[in-house]
Amino acid sequence: MSATAFPAVRRRPGDPAARRDAVPARRSLPVSTFAALIFLGAHVPLALLMRDRPVLSTLHAMAAVAIGLIWAISGKHPHRVACVAAYLAGSEVLWRMTGSEFFWEGAKYGTVLIFVATLVRAGHLKPPVPIASYFALLLPSTALVWLQIGFSQARNVTSFNLSGPLALMVSVWFFSHLRLSWEGITRILFALILPVVGVLTLSFFGIVTSEDLTFGEGSNFATSGGFGPNQVSAVLGLAALAAFVLVLDHARPLLFRAVMLGLLLAFAAQSALTFSRTGVVALVASIGIGCVFLFQNRRARITLAIGLPVLILASMFVVAPRLESMTGGAIGDRFSDTSPTGRDQLARADWLIFLDHPVLGVGPGQAKALRSIAGRVGLSHTEYTRLIAEHGILGLIALCLLIGTAVARFRAATGSRERAIVAMLYSWSALFMLVSGMRLVAPAFAFGLASAMPPRARARVRPKGEVRRASAASGGSPPVRRRTGASPSSLPVPIR
């Protein structure tokens, strides 16, 4: 996927900002760590206030989107826009838990709004053809909905079912023009973690304040802060995955990485306590896939060789026994149960609907009632079978384009660390869509983030003596020295 990146902000040599940018990153890390801890801690009382005052939750949502839009329109901070989008992805469940009046799909449309504004401001008006075709192929079947039901209902049904694919398409479009270094990725992931600390807080307080806490065989609303366990478990799992990546950030101080390790365990434990298996399974599978590539990186291999045994031992001998004791052994029974809880019946119903309506499907949202042919009525939990049932052969082609986009980006990844990030984000997104459809903006954002452009390889300027020796050895004349302002593209071959 070839694309031009957002223009970089240029600094004049005498600009004070340029001198600040020239300060080594390590020198400013202690302050950054302190600020990070302040931001993390601030989301604990913020979540509690939002729970008690839903109007604050609404204002919080509106403020987050407004800040992203301001940065998008300025045209100077695409990386900050990406951080705001990550914050929206982490905040969506928090807003729903606290009764925000910000409309239900607000995080998806907010993400679309700030990404499109940034793209238009930068002049990137043409999305990548494969991902644009993916979304375009889903539009013809919407005509079936608008012809069969009233305007208001058709609008709601179309918005509910296509807002996720729209957010995915726009996310890939945006990130395909954004170059991200390792530092840039970690900042974005940290922004995602911040509001999920609020989700963790409300879920924990749901346990502490519950007067009659019981654990059964199904998902538990009391341990999910009174909200849907599937969504709470999933976003906690994504935050745990982000924390895992930050633990591997060797540029950060030990204190910061220790806090991220603690949050990783807390997110994972609370995700398990929801008794929804989505978050934990997607987390473990994504980390496992990422480790395959991380072990190819020397520094990451050393960290994993030390950290993974500690993490596993802490989980086995500290976290798991406490959870078993707390739930009376119910959590072990829950996670040893491998039944798909009816999702297989819904997927089978989608397949039968596709066989009956192979061309355009039945239209977005119209398969709900027809799934009774397989003995189960309800919304689909699997995005892949929903595509073919409600969009027919066009949905199948769209699915192939989506898979092709992921495969092409992964093959273009260079370096073990980049491959690991891409693989983990794509894996988590794919697993979420397998069991929870696109009910959140998180899988669309994760899929888009995995599609970000890699940073340009740094060029190495050879010392003058080395250049002269190389020239003498080849029998040629020494090359003409470049001026100080020479562009990076005119420098010698980059280091791989």
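Residues numbered from 1 in each chain as written. Predicted model: local features only at pLDDT ≥ 70, side-chain atom pairs only at ≥ 80, totals over all residues. Heavy atoms only, no water.

Engineer: Quick rundown of the overall build of the protein? Include the residues and the values.
Structural biologist: If you tally the helices and strands in the protein, you get 20 helices and zero strands. Out of the 496 residues in the protein, the part that is buried amounts to 48%. Accessible surface for the protein amounts to roughly 24000 Å². Of this, 64% is attributable to carbon and sulfur atoms. (Helix = DSSP H or I, 4+ residues; strand = E, 2+ residues; numbered from the N terminus. Buried < 20%, exposed > 50% of the residue type's maximum accessible area, 1.4 Å probe, protein only. Areas by Shrake-Rupley, 256 points an atom, 1.4 Å probe, with all protein chains shown as cover.)

Engineer: Provide a residue-level description of the packing of aromatic side chains, including the pertinent values.
Structural biologist: Applying the stated criterion across every chain, the model contains 15 aromatic pairs. Ring geometry for tryptophan 95 against phenylalanine 102: centres 5.8 Å apart, planes inclined by 75 degrees, an arrangement best described as edge-to-face. For the pair tryptophan 95 and phenylalanine 102, one class covers both residues: buried. Three or more aromatic residues joined by ring pairs form one cluster here, namely Trp95, Phe102, Phe103 and Tyr109. Sitting above the plane of the phenylalanine 256 ring, arginine 252 keeps its charged end 5.3 Å from the centroid. (Phe/Tyr/Trp six-rings, centres within 6.5 Å; stacked < 30°, edge-to-face > 60°. Lys NZ or Arg CZ within 6 Å of the ring centre and 35° of its normal.)

Engineer: Describe the environment of arginine 419, with residues and values.
Structural biologist: Here arginine 419 is to be found in helix 18 (residues 416-436). Each C-alpha atom, one on arginine 419 and one on glycine 290, is 7.9 Å from the other, the two residues being 129 residues apart in sequence. Apart from residues no more than four positions distant in its own chain, arginine 419 is found in contact with Phe293, Gln296, Phe410, Ala413 and Thr414. (Contact = heavy atoms within 4.5 Å.)

Engineer: With reference to specific residues and values, describe a negative patch on the surface.
Structural biologist: Residues Glu217, Glu324, Asp333 and Asp337 make up a contiguous surface patch of negative charge. Turning to its location among the elements, aspartate 337 is positioned in the loop between helix 14 (330-336) and helix 15 (343-356). (Patch = residues over 30% accessible without salt bridge, like charges linked within 9 Å, V, L, I, M, F, W, Y side chains within 5 Å. Salt bridge = Lys/Arg side-chain N within 4 Å of Asp/Glu carboxyl O. Lys, Arg positive; Asp, Glu negative; His and termini not counted. Charge placed at Lys NZ, Arg CZ, Asp CG, Glu CD.)

Engineer: Which residues make up a nonpolar patch on the surface, and what values do they have?
Structural biologist: The grouping of Leu49, Val55, Leu56, Leu59 and Met62 at the surface amounts to a nonpolar patch, some 460 Å² of accessible area in total. No other element matches the four residues that helix 3 (residues 54-74) contributes to the nonpolar patch. Structurally, leucine 49 is set in helix 2 (residues 29-52). Using a relative accessible area of 47% as the deciding quantity, one classes leucine 49 as partly exposed.

Engineer: How would you summarise the side chain of threonine 327 if you had to cite specific residues and measurements?
Structural biologist: Structurally, the position occupied by threonine 327 is in helix 13 (residues 298-327). On the basis of relative accessibility, which here comes to 7%, the residue threonine 327 falls in the buried class. Side-chain polar atoms of threonine 327 contact the backbone oxygen of leucine 323, separated by 2.8 Å. Once you skip the residues sitting within four places of it in the chain, threonine 327 turns out to touch Phe215, Leu273 and Phe275. (Polar contact = N/O pair within 3.5 Å; in protein donor to acceptor, adjacent residues only side chain to side chain.)

Engineer: Would you mind going over the confidence of the model for the protein in detail, with residue names and values included?
Structural biologist: Per-residue pLDDT for the protein has a mean of 84; in total, 84% of the residues score no lower than 70. Below a pLDDT of 50 lies the segment residues 17-31, which in the model reaches eleven contacts outside its immediate sequence neighbourhood of four places, other chains included. Across residues 480-496, where pLDDT falls below 50, the model places 13 contacts with residues more than four positions away in sequence or in other chains. (pLDDT = per-residue confidence, 0-100.)

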